[in-house]
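So you can see what is in the structure, the chains are spelled out below.
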Amino acid sequence: MLHSNAQLVGKQVPQRPDFHGVNTARFREQLRLVYRPAAVYDVSYPLQLNGEPFGTIRIGVSTVFLRNELTPRLMHALYFSIASIFASLLLAAMISNLALAR
């Protein structure tokens, strides 16, 4: 009935894969799903009126949006882990040098 694109108001939206599959996938599978070519996943919320089914809200979640939100955070985590590895390597070298000097 409603759509953010005025040309699609009143038209049937084609079936899309459920976002629950992305949400429950393992980490590597999630990355593969998000970083492959753009796709739209469906998030559905049923509506009830007086305990009876009334309708459904369907929201399309694009992997482009997910990718734009996820990439900066993953890059930050990558830089942090690289810095941590080098800091631990430097600390281990200093401690072993100190221990072997005596």
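Values in this document were obtained by computation on a predicted structure and should not be read as measured data. (Residues numbered from 1 in each chain as written. Predicted model: local features only at pLDDT ≥ 70, side-chain atom pairs only at ≥ 80, totals over all residues. Heavy atoms only, no water.)

Observations regarding unusual backbone geometry
In this model, N50 sits at a positive phi of 60°, which is unusual for a non-glycine residue. Mapping N50 onto the fold places it in the loop between β1 (40-49) and β2 (52-62). The exposure class of N50 is exposed, given its relative accessible area of 75%. (Helix = DSSP H or I, 4+ residues; strand = E, 2+ residues; numbered from the N terminus. Buried < 20%, exposed > 50% of the residue type's maximum accessible area, 1.4 Å probe, protein only.)

Some thoughts on the pattern of salt bridges
Across all of its chains, the model carries 4 salt bridges by this definition. Between D42 and R16 there is a salt bridge; the shortest N-O distance is 3.5 Å. On the criterion of sequence distance, the pair formed by D42 in strand β1 and R16 in the segment before α1 (20-24) is long-range, its members being 26 residues apart. Judged by relative accessible area, which is 6%, D42 ranks as buried. On the basis of relative accessibility, which here comes to 25%, the residue R16 falls in the partly exposed class. With a shortest N-O distance of 2.5 Å, R32 and E29 are connected by a salt bridge. Taken together, the residues span about one helical turn, with R32 and E29 both in helix α2 (residues 27-35) at a distance of 3 residues. Exposure remark for R32: the relative accessible area of 43% places this residue in the partly exposed category. By relative accessible area, which is 31% here, E29 ends up partly exposed. Overlapping salt bridges, with partners in common, bring together R16, D42 and R58 in one network. (Salt bridge = Lys/Arg side-chain N within 4 Å of Asp/Glu carboxyl O.)

Concerning the confidence of the model for the protein
On average, residues of the protein carry a pLDDT of 89, and 95% of them reach 70 or more. Considering each helix and strand of the protein separately, the mean pLDDT is smallest for β2, with a value of 86, and largest for helix α3 (residues 63-100), with 95. (pLDDT = per-residue confidence, 0-100.)

Details of the environment of L49
Assignment of secondary structure puts L49 in strand β1. You can call L49 partly exposed: its relative accessible area is 46%. For the pair formed by L49 and S96, sequence separation is 47 residues and the distance between their alpha carbons is 70 Å.

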